[in-house]
Amino acid sequence: MSRALVLFEDSRWADLRPLTDTLPTPALAFGASTLGERWRRRLGLPLIAVEARAAALEAWRERPAPALPPGANDEVLVANATAIPGPWLAAVNAGRAPAIWLAHDRIVAARLPFSMVAPGLGRGADFERFLLSLALPSFGA
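Along each chain, residue indices are assigned from 1 in the same order as the chain's sequence is written. Given that this is a predicted model, residues contribute local features only at a pLDDT of at least 70 and side-chain atom pairs are listed and counted only at 80 or more, while totals for whole chains, interfaces and linings are drawn from all residues. Only hydrogens and water are set aside when side-chain values are computed; all heavy atoms of the structure are taken into account.

Trainee: I would appreciate a short explanation of the overall build of the chain in the present structure.
Mentor: Summing up its helical and strand segments, the chain has five helices and eight strands in all. The way it works is that DSSP assigns letters per residue, a run of H or I at least four long becomes a helix, a run of E at least two long becomes a strand, and they are numbered from the N terminus. When the helices and strands of the chain are listed from N to C terminus, the series reads β-β-β-α-β-α-β-α-β-β-α-α-β. Here the globule rule reads 2.2 Å times residues to the power 0.38, and the radius of gyration is calculated from C-alpha atoms. Here the C-alpha radius of gyration of the chain, 14 Å, is about what a compact globule of 141 residues would show, namely 14 Å. Its C-alpha atoms give the chain principal-axis dimensions of about 35 × 30 × 30 Å. Out of the 141 residues belonging to the chain, those deemed buried represent 45%. Residue pairs at least 24 apart in sequence account for 69% of intrachain contacts in the chain once pairs closer than 6 positions are excluded. Relative accessibility thresholds used throughout: buried, under 20% of the residue-type maximum; exposed, over 50%; partly exposed, between the two (1.4 Å probe, protein chains only). When checking whether two residues touch, look at their non-hydrogen atoms; a contact exists if any pair is within 4.5 Å.

Trainee: It is not clear to me how the nonpolar core should be interpreted in this structure. Could you clarify?
Mentor: Core analysis: the biggest nonpolar cluster contains 20 residues, and Leu5, Leu7, Trp39, Leu77, Trp88 and Val92 have the highest contact counts within it. Going through the elements one at a time, strand S1 (2-8), strand S4 (47-51), strand S5 (75-80), helix H3 (88-94), strand S6 (99-103) and strand S7 (106-113) are the ones with two or more residues in this core. Of all the elements, H3 adds the most residues to this core, at three residues. Residues in contact with Leu7, not counting those within four places in the same chain, are Pro26, Gly36, Trp39, Leu47, Ala49, Val50, Glu51, Ala79 and Ala81. As used in this record, nonpolar core signifies buried Ala, Val, Leu, Ile, Met, Phe, Trp, Tyr and Cys residues forming a set joined through side-chain atoms within 4.5 Å. Ranked by size, the runner-up nonpolar core spans 17 residues in total, among them Phe8, Ile48, Val78 and Ile107.

Trainee: When you look at unusual backbone geometry in this model, what are you seeing that I'm missing?
Mentor: Leave glycine aside and you will find that most residues have negative phi; peptide bonds, for their part, are mostly trans. Here the bond from Ala97 into Pro98 is cis, since omega is 5°, no more than 30 degrees from zero. Mapping Pro98 onto the fold places it in the loop between H3 and S6. The backbone of His104 sits at a positive phi, close to 60°, despite the residue not being glycine. Checked against the element boundaries, His104 lands in the loop between S6 and S7. Notably, Ala135 is not glycine yet its phi reads approximately 50°, a positive angle. Secondary-structure assignment places Ala135 in the loop between helix H5 (127-133) and strand S8 (138-140).

Trainee: Teacher, can you tell me more about the environment of Gly71 here?
Mentor: Assignment of secondary structure puts Gly71 in the loop between helix H2 (54-59) and S5. Relative accessible area serves as the criterion here: at 31%, Gly71 is assigned to the partly exposed category.

Trainee: Got a minute to help me understand the packing of aromatic side chains in this structure?
Mentor: Between two aromatic rings, the relevant description is the distance of the centres plus the angle of the planes. Between 30 and 60 degrees the pair is tilted, below 30 it is stacked and above 60 it is edge-to-face, where a pair is any two Phe, Tyr or Trp rings, Trp via its six-membered ring, whose centres lie within 6.5 Å. Under the definition given, this model contains four aromatic pairs. The interplanar angle of 50° and the centroid separation of 5.9 Å between the aromatic rings of Phe8 and Phe127 together place this pair among those described as tilted. Separated by 119 residues along the polypeptide, Phe8 in strand S1 and Phe127 in helix H5 bring together distant segments of the chain. The pair formed by Phe8 and Phe127 is uniform in burial state, with each residue classed as buried. Cluster of aromatic residues (ring-pair linked, three or more members): Phe8, Phe127 and Phe130.

Trainee: Where do I start with the sheet that holds S1 in this structure?
Mentor: Hydrogen bonds along the backbone pair up the strands of a sheet, which may run parallel or antiparallel. DSSP-based pairing: two strands are paired if at least 2 bridges between them are found. Reading across from one edge, S4-S1-S5-S7-S6-S8 is the order of the six strands in this open sheet, with mixed pairing throughout. What marks the edges here is a single partner per strand, and that holds for S4 and S8. In this sheet, adjacent strand axes meet at a mean angle of 20° when their direction is disregarded. Pairing analysis gives six bridges linking S1 to S5, with the strands arranged parallel. The partner of Val6 across the bridge, within S5, is Val78. With axes taken as lines fitted to C-alpha atoms, and helix axes fitted only over the stretch in contact, angles between N-to-C directions fall between 0 and 180 degrees. On the sheet, helix H1 (residues 35-43) packs against S1, S4 and S5 and is oriented at approximately 170° with respect to S1.

Printed below as a string of structure tokens:
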């Protein structure tokens with residue numbers, strides 16, 4: 001079971017221009033909150049990191065403060081902020097870890113121990129590439 005959440009902005013953030021010109025995708029308004037807040041509410045997990053373009057993150061005034069990181073062996077759910085949490089999450093939660101879940105050619109989520117996630121934190125826009133470099137088994141979402 002996942003004990004923490006990492007949200008990331010994938011390399012297709014420009015598809016949402018002009019909305020993403022000054023804000024990262026987790027900060028985009030979605031109904032009464034943001035894409036990132038929707039993930040946090042749905043999962044009820046502490047958010048330990050948001051990985052996105054540095055300038056966009058700095059422009060996000062309401063950026064949530066990160067929670068303390070979990071233990072090295074604790075499982076982390078990594079979520080693409082633009083993916084809408086839905087029924088497909090049941091397969092992610094029930095699936096084996098470590099692994100990546102894809103929708104078409106995009107990473108929508110990953111589950112892995114914090115020790116595997118930690119080296120990628122702070123990479124910002126390169127976080128997606130870091131996830132792919134882990135060569136984890138992948139499944140359809």
